[in-house]
Amino acid sequence: MLEEVERWLRGRSWSAADRPLEQLLEAKRQTGRTVSVVLPALDEEATVGAIVTTIRDTLMTDAAALVDELVVLDSGSTDRTAEVAAAAGARVVHRDSILLRLPALPGKGEVLWRSLLATSGDIICFIDADLREFSSTFVSGIVGPLLTDPDIQFVKAMYDRPLETGPGGLDAGQGGRVTELVARPLLNLHWPQLAGFVQPLGGEYAARRSLLERLPFPVGYGVELGLLVDALHTVGLDALAQVDVGVRKHRHQDGQALGRMAAAIYRTAQLRLTRGHLVRPRLTQFDRGEQGFIPHTTDVDTEERPPMTEIPEYAARRAA
């Protein structure tokens, strides 16, 4: 590990407990910064309501108004995600209702990019909508450094990711398989300054709007790696941080979904390494059928949205 990264780990890695809620509320009063929380959601009716309720009950009260805006951004759910989220008290915005002149592309990154037009906070906090046993420290923990330290621009959550091994069984160290098999090797080899991030692909992170609006957003699974790498190059390592928020429990993907995720992440990394020759952006996987293995091929997410500052509608809204 680089000496620079060892120093960064000592000075830019914290626990959520290091900044009590009272300290954050006072910092928010002094700075006047506003906080938006965005939950990108696709068919998450089983979990989104509890997350919204927890945030509203603990961080959006008269006594503890840390969060100013809570938006569930629905990316085309076919279940009751929107209804459940609204009933719990979130403002629900559908992906297709934002920036109508530009047809939406499928993918998580597309929703996160469009959320910049659907929110107004100075600090934007992204939280995945499939979390179980959710704690509000996921929000307060990663927002904290941005409220208390003007030098911090981008904060990732770090946590244990237990993998369910059967009824009631958990393997504490086996969650985040794409992180360990794809993202961590890529970062260590090509961006060693980012080797200290425990959960580089985690969906829980917060950043200043003034940074996010300058970054391109890969539309699919590569968005987390892309934003992290681009933030490094835009503001430098010392402007990045991570906060331990405990344990993250969520729905795990099957092996083929992980394969598609890995391919998109590799493609995102490759785009940032070179603008020359690129690998074929398609992935072939196999299912066993009655006559043997059956191949099926899918496109790998390759589209990226430009920095939001290049979108006329966003510039007009900011100028208003």
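In case you missed it, the structure is sitting above this.
All values derive from a computational prediction rather than experimental measurement.

## So, the nonpolar core
Grouped together as the largest cluster of nonpolar side chains are 48 residues, with contacts concentrated most on Phe154, Val178, Leu194, Phe217, Leu225, Leu240 and Ile265. Elements supplying a minimum of two residues to this core: strand S3 (69-74), helix H5 (108-118), strand S5 (123-126), helix H7 (177-190), strand S10 (205-208), helix H8 (209-212), helix H9 (223-235) and helix H10 (255-273). Among the elements that line this core, the one with the most residues is H9, at seven residues. Residues within four places of Leu194 in sequence aside, it is in contact with Leu187, Leu228, Val229, Leu232 and Leu240. Ranked by size, the runner-up nonpolar core spans 43 residues in total, among them Val35, Leu59, Ala129 and Val243.

## Examining the packing of aromatic side chains
What the rule picks out here adds up to five aromatic pairs. Here the aromatic rings of Phe126 and Tyr205 are separated by 5.3 Å at their centres, their planes lie at 65°, and the arrangement is edge-to-face. Of the two residues, Phe126 is situated in strand S5 and Tyr205 in strand S10; the sequence distance between them amounts to 79 residues. For the pair Phe126 and Tyr205, a shared accessibility class is recorded, and that class is buried. Between Phe134 and Phe138 the ring centres are 5.7 Å apart and the planes differ by 40°, which places this aromatic pair in the tilted class. We classify Phe138 as buried; its relative accessible area is 2%. Within the aromatic cluster, the residues linked to one another by ring pairs are Phe126, Phe154 and Tyr205.

## Looking at the pattern of salt bridges
For the coordinates displayed, the defined rule picks out 18 salt bridges. With a shortest N-O distance of 2.8 Å, Arg114 and Glu110 are connected by a salt bridge. Of this pair, Arg114 and Glu110 both sit in helix H5, four residues apart, which is roughly one turn of the helix. By the burial criterion, Arg114 is buried, and Glu110 matches it. Residues Arg318 and Glu213 are paired through a salt bridge, measuring 3.8 Å at the closest nitrogen-oxygen approach. With Arg318 in helix H11 (residues 312-319) and Glu213 in the loop between H8 and strand S11 (217-218), the pair connects residues that are 105 residues apart, well separated along the chain.

The rules behind these values
Residues numbered from 1 in each chain as written. Predicted model: local features only at pLDDT ≥ 70, side-chain atom pairs only at ≥ 80, totals over all residues. Heavy atoms only, no water. Core = buried A, V, L, I, M, F, W, Y, C linked by side-chain atoms within 4.5 Å. Buried < 20%, exposed > 50% of the residue type's maximum accessible area, 1.4 Å probe, protein only. Helix = DSSP H or I, 4+ residues; strand = E, 2+ residues; numbered from the N terminus. Contact = heavy atoms within 4.5 Å. Phe/Tyr/Trp six-rings, centres within 6.5 Å; stacked < 30°, edge-to-face > 60°. Salt bridge = Lys/Arg side-chain N within 4 Å of Asp/Glu carboxyl O.

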